[in-house]
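# Architecture at a glance
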Amino acid sequence: MYGKDLISIADLSAENVQGIFDLALKLKANPEDYCDSLTGLTMAMIFEKPSLRTRVSFEAGMTQLGGHAIYLGPSDISLGKRESVPDIARTLDRMVDIIMARTFSHQSILTLAEYAEAPVINALSDLLHPCQALADYLTIMEKKEQLRGLKLAFVGDGNNVAHSLMNCGAKTGVSVTVVCPKGYEPNAGIVKAAQEAGKALGAKMAVTNDIDEGVKGADVIYTDVWASMGQEKEAEERKKIFAPYQVNAALMAKAKEDAIFLHCLPAHRGEEVTDEVIESEQSVVFDEAENRLHAQKAAILRLMFAEGDLD
Ligand code: CP
Ligand code: NVA
């Protein structure tokens, strides 16, 4: 049973996650089979932050499923400023069938979900980026033909993407190590919960400041920007602190020989990753970006339809 919303992968069972992947692969192979699935249905897309992949993949995804999406940018509704989040949720609920939101505060997503009866999808908050992680593990599954037993090393800031990668690792049997400078570790509560949840499938969650130890034996090397949206003022200071954690050819050589490289994008080339790595044979970043479309179409359908109505 899927919940009403997609706020965190921690709320999904391992079977739910696998169900999203199975449907995503069907959607990817035969998109025409689902082109009328959402006829007459509308998604509201709330953005407090910029986006390329998330906006385009959700909007194109809704079109491909026969529905429609409405973009509501930062200056359109000014979440919590022009109008309160509960009032926005209850108004949208009278007009649309599904709500997607990219916010600063994670609480805004929780409040939208609380006040809207329509499903709410977290399209990135300061705490989590579940849609990204679903696309990432789908990509890893395609490239490695399995998930359980793999090791992913996330090198960089213990941020929203790192949190969702841990949550999804726990549900797919992938061990995740976050390799970060001191003081930039992921949220301890999320790490602990992922450690607990991962036990069922043998996935181990770890955090280290030691690059050699963290990257050793990794099947997947993942990085993200050093300063996330909203942290622009810290960018210069972070450049110095994170410099030793750059994913370059020397760092890739410490992982498994057949390791693949992932990045949620946008990338700051020359900072968290070198051109050489992101353009290398090991890099799968554009397959990963494409999978945002397929994974999210699957997640939308899983939220909108009862199990069994789709398969
Ligand atoms: N990876 C990701 O969410 O990209 P955008 O910020 O461009 O949506
Ligand atoms: N951690 C980044 C991810 C962007 C997709 C941010 O929040 O800006």
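Read on for a plain summary of the structure. (Residues numbered from 1 in each chain as written. Chains lettered and ligands numbered in written order. Predicted model: local features only at pLDDT ≥ 70, side-chain atom pairs only at ≥ 80, totals over all residues. Heavy atoms only, no water.)

## What to know about the site of ligand 2
Leu124, Asn159, Asn160, Val161, Asp224, Val225, Ser228, Met229 and Leu265 make up every residue found near ligand 2. Between ligand 2 and Asn160, the relevant distance is 2.9 Å, taken from an oxygen atom to a side-chain nitrogen or oxygen of the residue. Considered on its own, ligand 2 offers 270 Å² of accessible surface; in the complex 95% of this is hidden by protein. A class-by-class count of the residues in the shell around ligand 2 yields five nonpolar, three polar and one charged. (Near = heavy atom within 4 Å. Polar contact = N/O pair within 3.5 Å; in protein donor to acceptor, adjacent residues only side chain to side chain. Areas by Shrake-Rupley, 256 points an atom, 1.4 Å probe, with all protein chains shown as cover. Nonpolar A, V, L, I, M, F, W, Y, C, P; charged D, E, K, R; others polar.)

## A look at the packing of helix α1 (residues 14-29) against helix α6 (residues 130-144)
The contact between α1 and α6 brings their axes to 10 Å, and the two run at 70°. Accordingly, the angle class assigned to the pair α1 and α6 is roughly perpendicular. In this structure, α1 uses Val17, Gln18, Ile20, Phe21, Ala24, Leu25 and Lys28 to contact α6, whose residues at the interface are Leu134, Tyr137, Leu138, Met141 and Glu142. Residues of the contact of α1 with α6, tallied by class, amount to nine nonpolar, one polar and two charged. (Axes fitted to C-alpha atoms, helices over the stretch in contact; angles between N-to-C directions. Helix = DSSP H or I, 4+ residues; strand = E, 2+ residues; numbered from the N terminus. Parallel < 35°, antiparallel > 145°, perpendicular 65-115°, else oblique. Contact = heavy atoms within 4.5 Å.)

## Section: the pairing of strand β3 (residues 98-102)
On a regular strand, one side chain projects to one face of the sheet and the next to the other, so that they alternate. Within β3, five of the five residues are buried, which leaves it mostly tucked inside the rest of the structure. As judged from the five bridges shared by strand β1 (residues 42-47) and β3, these two strands associate in the parallel manner. Pairing of Met45 across the sheet is with Met100, part of β3. Taking the sense of rotation as the criterion, the β-α-β connection linking β3, helix α5 (residues 106-115) and strand β4 (residues 120-122) turns out right-handed. (Buried < 20%, exposed > 50% of the residue type's maximum accessible area, 1.4 Å probe, protein only. Pairing = 2+ DSSP bridges. Right-handed = clockwise from strand over helix to strand, strands pointing away.)

## Comments concerning the sheet that holds strand β7 (residues 205-208)
In space, the five strands of this open sheet follow the order β7-β6-β5-β8-β9, with parallel pairing throughout. If you trace the sheet from one side to the other, it starts and ends with β7 and β9 (260-263), each paired once. The average angle at which neighbouring strand axes cross in this sheet is 20°, direction not considered. By the bridge criterion, three bridges tie strand β5 (residues 151-155) to strand β8 (residues 220-223) in an arrangement that is parallel. When the sheet's bridge partners are listed, Phe154 is paired in β8 with Tyr222.

## Details of the pattern of salt bridges
Considering all chains together, one arrives at 16 salt bridges under this definition. For Asp5, the salt bridge identified is with Lys4, shortest N-O distance 2.7 Å. Overall, the relative accessible area of 32% leaves Lys4 in the partly exposed class. Glu59 is the partner of Arg55 in a salt bridge, and the nearest nitrogen-oxygen pair spans 3.2 Å. Here Arg55 pairs with Glu59, and both are found in helix α2 (residues 53-64), just four residues apart, close to one helical turn. Assessed through its relative accessible area of 30%, Arg55 is described here as partly exposed. The network of salt bridges with common partners includes Asp157, Glu234 and Arg238. (Salt bridge = Lys/Arg side-chain N within 4 Å of Asp/Glu carboxyl O.)

## As for the sheet that holds strand β2 (residues 68-72)
The sheet built from four strands is open, its strands ordered β2-β1-β3-β4 with parallel pairing. Only two strands of the sheet have a single partner each, and these edge strands are β2 and β4. Across the sheet, the axes of successive neighbouring strands diverge by a mean angle of 20°, strand direction being ignored. With three bridges connecting them, β3 and β4 associate as parallel partners.

## Structural notes on the pairing of β9
Covered by surrounding structure in β9 are Ile260 and Leu262 together with Phe261 and His263, the residues of both alternating faces. In terms of strand pairing, β8 meets β9 through four bridges, oriented parallel. Within β9, the position partnered with Thr223 by the bridge is His263.

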